[in-house]
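# Per-entry structural report
Chain residues, written in single-letter form:
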Number of protein chains: 2
Amino acid sequence: MPCFSDRLAAAVRRCGNPVLVGLDPRVDLLPEGMAPQADGADLVAKAGAVSVFCLGVVDVVAPLVAAVKPQAAFFEQLGPPGMVILADVIQYAQERGLLVILDAKRNDIGSTAAAYADGILGSQGQSAWGADATTVSPYLGDDSLEPFVRVATERDAGLFVLVKTSNPGGGLFQDLVADGQPVYRHVARQVEKLAEQTAGQCGYGAVGAVVGATYPEQLQELRAEMPHAWFLVPGFGAQGATARDVAGAFDQQGLGAIVNSSRGIIFAYQREEYAAAFGASRWQEAVEAATRAMIDQLRTDTPAARLVGG
Amino acid sequence: MPCFSDRLAAAVRRCGNPVLVGLDPRVDLLPEGMAPQADGADLVAKAGAVSVFCLGVVDVVAPLVAAVKPQAAFFEQLGPPGMVILADVIQYAQERGLLVILDAKRNDIGSTAAAYADGILGSQGQSAWGADATTVSPYLGDDSLEPFVRVATERDAGLFVLVKTSNPGGGLFQDLVADGQPVYRHVARQVEKLAEQTAGQCGYGAVGAVVGATYPEQLQELRAEMPHAWFLVPGFGAQGATARDVAGAFDQQGLGAIVNSSRGIIFAYQREEYAAAFGASRWQEAVEAATRAMIDQLRTDTPAARLVGG
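In this report, we go over the structure that sits alongside the text. (Residues numbered from 1 in each chain as written. Chains lettered and ligands numbered in written order. Predicted model: local features only at pLDDT ≥ 70, side-chain atom pairs only at ≥ 80, totals over all residues.)

## Considerations on unusual backbone geometry
Here Asp-179 of chain A, not a glycine, exhibits a phi torsion of approximately 50°, which is positive. By the element assignment, Asp-179 of chain A lies in the loop between strand 6 (177–178) and strand 7 (181–182). (Helix = DSSP H or I, 4+ residues; strand = E, 2+ residues; numbered from the N terminus.)

Structure (structure tokens):
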């Protein structure tokens, strides 16, 4: 199997766009009639509804985009039944040709970090969850990243390390300036080192970076700092960032970044621009419309234009 | 129900010691005859063995200590079956009077952070996993901690924020100096603010700090910096720290800190000093001996001595 970075590059080129669809299946936002009615509905019923919803999203987006990003928290919230359907959703998406990045933001040290990586990363049968890549938090330092990198490279899987996050409070510790550089630049340097060491044929490595769309200038600065790192860019749409804001995340070929939208796509039927046309009963058509709109925006206003017809 | 900090204070006083037993059930370290034999044994078989082992540890330590700390990674590694037995282990421990701190080191923002907290924290029936407290990572900043704090205080549960970790690489980002202070001191200041806001009758808050035993001087300095924060102190035993090293984590009454040992207790039957006396078949007696030895050490060389007969 090719390494994760090459598989991601191939998938983005094949689809001709860098859209990453986030699967954040909040039970309270599911289309009417799908979610269990009672407030106290048991976890199995909720997990069943979440499963139906997520597979329905996958059916729509699989022909359009390269990858999906299930958010572990919304599955864990549903307890053991949620974790069962998380494995199902991952497998279903992969069978339809999607790469799956499990957004788990795990972090620990030594054998514990290796246990997280072992469980999350690897094709079905090789690991418990079978994701192609996952997200990790860097606070515990280099010896906390190392076991994740080791397992990821052994299994041709990928990692995205939190570098500069899209939330307003992200700056509290990430922007502290030490030795003339904000903390997130120190993290970026470590990520670039690991990315370079694990670079595939596409030039990018198994280790990438999470860099928020809400900081366009830092995106550009960090693109230069981490030439071998794929960027996972959250914050598009619901968090206010536009295609122009994320343009700096790409290289000259239109590669190097995948841009995530979660609520803006999967719950598009609730957005003003789609609610009238589709409504809850035609929520899958709203998912398709929102995905196509995001693809168009990124093809118009970013170097991702060069992925197609170039 | 009293708040988490008061429940922890009461439990530590009742037991007369600050020992926290870490449940890190690595399948490859289980006593002979307990783990599934085949390398490729399925996850259900492995989870079954882990369950038997963890309940066996709980049986031994419940009469001796205040709390246990299951390490989420080793359960997640076993996929959905592992997550089923994690819920069982938490419930079993609580039924035997133990407080349960799920070591999950989660972190995210907004509704995602709230989903993690909702799933992990709360008594059985109130949340999917039903833990009394959990660990969280601070890299994402104050608006990532806030949802955890909100859910925790609503449910009389607790949090421990990573501040200064026990691993050698922990310093890479935590020790960077910004505005004259290492990053971990900036995190400590935020933790103290949240701890003070949530203080119970014992004087400590719902929000505590993870501070490694391997840095005795920083423990003392951080004790002064965070007078309202319970400390969860890893690194004792297997990572080389002694009772004397952790003395600075306590207040004058012997409260304020719980000291974790995982492998040193649960896999004590493999330690030189216990292997000859007990061996694999009497592994539970080794757990008891190691727990009692750690209690004695902490009662001899730390202010925890004042918890008993004082």
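## Observations concerning the sheet that holds strand 10 (residues 257–261) of chain B
All names here are of chain B. The strand order 1-2-3-4-5-8-9-10 describes a closed barrel built from 8 strands, whose pairing is parallel. On average, adjacent strands in this sheet sit at an angle of 30° to one another, irrespective of strand direction. Contacts from helix 4 (residues 79–95) reach strand 1 (19–23), strand 2 (67–70) and strand 3 (99–106) within the one sheet, and its direction differs from that of strand 2 by about 175°. Against the sheet, helix 6 (residues 142–154) makes contact with strand 4 (133–136), strand 5 (158–164) and strand 8 (207–211), and its axis sits at roughly 150° relative to strand 5, the strand it touches most. (Pairing = 2+ DSSP bridges. Axes fitted to C-alpha atoms, helices over the stretch in contact; angles between N-to-C directions. Contact = placed C-beta atoms within 7 Å.)

## A few points about the relation of the copies chain A and chain B
Mapping chain A onto chain B calls for a screw motion: a turn of 180° about the axis and a shift of 0.0 Å along it, with 0.0 Å RMSD after fitting. Here the two chains are linked by the operation of a two-fold rotation axis. If distances are taken from each C-alpha of chain A to the rotation axis, the shortest is found for Ala-178 of chain A, at 2.3 Å. By residue overlap, the copies meet face to face through one surface: 100% of the interface positions of chain A are interface positions in chain B. (Least-squares fit on C-alpha atoms with pLDDT ≥ 70 in both.)

## Brief notes about the packing of helix 5 (residues 110–120) of chain B against helix 6 of chain B
Residue and element names in this part refer to chain B. Put simply, helix 5 and helix 6 touch, their axes get as near as 8 Å, and they point 35° apart. Helix 6 is crossed by helix 5, and the crossing has right-handed handedness. Between helix 5 and helix 6, the contacting residues are Gly-110, Ala-113, Ala-114, Ala-117 and Asp-118 on the first element and Ser-144, Pro-147, Phe-148, Val-151 and Ala-152 on the second. Grouping the constituent residues of the contact of helix 5 with helix 6 by class yields 7 nonpolar, 2 polar and 1 charged. (Left-handed = near helix turned anticlockwise from the far one by under 90°. Nonpolar A, V, L, I, M, F, W, Y, C, P; charged D, E, K, R; others polar.)

## A closer look at the interface of chain A and chain B
The partner chain B presents 49 residues to the 49 residues of chain A that form the contact. Elements supplying a minimum of two residues to the side of chain A that touches chain B: helix 3 (72–76), helix 4 (79–95), helix 5 (110–120), helix 6 (142–154), helix 7 (171–174), strand 6 and helix 8 (183–197) of chain A. Broken down by element, the side of chain A that touches chain B gets its largest block of residues, 6 residues, from helix 5 of chain A. Residue classes in the side of chain A that touches chain B are distributed as 25 nonpolar, 17 polar and 7 charged.

## Concerning helix 1 (residues 4–15) of chain A
Residue and element names in this part refer to chain A. Between its terminal C-alpha atoms helix 1 stretches 16 Å, which fits the 16 Å expected from 12 residues at 1.5 Å a residue. Along helix 1, the residues classified as buried are Phe-4, Ser-5, Arg-7, Leu-8, Ala-9, Val-12 and Cys-15. Looking at the buried side of helix 1, the elements it contacts are strand 3 (99–106), strand 4 (133–136), strand 5 (158–164) and strand 10 (257–261). Just past helix 1, the residue Gly-16 takes up positive phi, approximately 70°. (Expected span 1.5 Å × (residues − 1). Buried ≥ 20, exposed ≤ 12 C-beta atoms within 10 Å, placed from the backbone.)

## With respect to the packing of helix 2 (residues 43–61) of chain B against helix 4 of chain B
Residues and elements named next belong to chain B. At a minimum axis separation of 9 Å, helix 2 and helix 4 run at an interaxial angle of 15°. Considering their axes alone, helix 2 and helix 4 lie roughly parallel with respect to each other. Between helix 2 and helix 4 lies a crossing of right-handed hand. Residues Leu-43, Val-44, Ala-47, Val-50, Ser-51, Cys-54, Leu-55 and Val-58 of helix 2 lie in contact with helix 4, whose contacting residues are Gly-79, Pro-81, Gly-82, Val-84, Ile-85, Asp-88, Val-89, Tyr-92 and Ala-93. Residue composition of the contact of helix 2 with helix 4, by class: 13 nonpolar, 3 polar and 1 charged. (Parallel < 35°, antiparallel > 145°, perpendicular 65-115°, else oblique.)

## A word on the sheet that holds strand 3 of chain A
Residue and element names in this part refer to chain A. Strand order in the closed barrel formed by 8 strands is 1-2-3-4-5-8-9-10, with parallel pairing between adjacent strands. The average angle at which neighbouring strand axes cross in this sheet is 30°, direction not considered. As paired elements, strand 1 (residues 19–23) and strand 10 share 3 bridges and run parallel to each other. Bridge assignment links Val-21 to a residue of strand 10, and that residue is Ser-261. Lying over the sheet, helix 1 contacts strand 2 (67–70), strand 3, strand 4, strand 5 and strand 10, oriented at roughly 125° with respect to strand 3. The sheet strands contacting helix 13 (residues 283–301) are strand 1 and strand 10, and the helix crosses strand 1 at an angle near 145°.

## Side note on helix 13 of chain A
All names here are of chain A. Between its terminal C-alpha atoms helix 13 stretches 27 Å, which fits the 27 Å expected from 19 residues at 1.5 Å a residue. Regarding helix 13, the residues found buried are Trp-283, Ala-286, Val-287, Ala-289, Ala-290, Thr-291, Met-294, Gln-297, Leu-298 and Arg-299. Looking at the buried side of helix 13, the elements it contacts are strand 1, helix 2 (43–61), helix 10 (243–246), strand 10, helix 11 (263–266) and helix 12 (272–275).

## Focus: the pairing of strand 8 of chain B
All names here are of chain B. With 5 of 5 residues buried, strand 8 is to be regarded as a mostly interior element. On strand 8, burial covers both faces: Val-207, Ala-209 and Val-211 on one face and Gly-208 and Val-210 on the other are all buried. Alignment of strand 5 against strand 8, held across 5 bridges, turns out to be parallel. Its bridge partner lying in strand 8, Leu-162 is registered against Val-210. The pairing of strand 8 with strand 9 (residues 231–233) spans 2 bridges and is parallel. Each bridged residue has a counterpart across the sheet, and for Val-210 the counterpart in strand 9 is Leu-232. Once the chain exits strand 8 it traverses helix 9 (residues 216–225) before rejoining the sheet at strand 9, and the crossover so formed is right-handed. (Right-handed = clockwise from strand over helix to strand, strands pointing away.)

## A closer look at the pairing of strand 3 of chain B
Residue and element names in this part refer to chain B. Burial within strand 3 is extensive, with 8 of its 8 residues counted as buried. A two-sided burial pattern is seen for strand 3, the buried positions comprising Leu-99, Ile-101, Asp-103 and Lys-105 on one face and Val-100, Leu-102, Ala-104 and Arg-106 on the other. Bridge count between strand 2 and strand 3: 2 bridges; the pairing is parallel. Looking at the pairing, Val-68 lines up with Val-100 of strand 3. With respect to chirality, the unit in which strand 3 leads through helix 5 into the neighbouring parallel strand 4 is right-handed.

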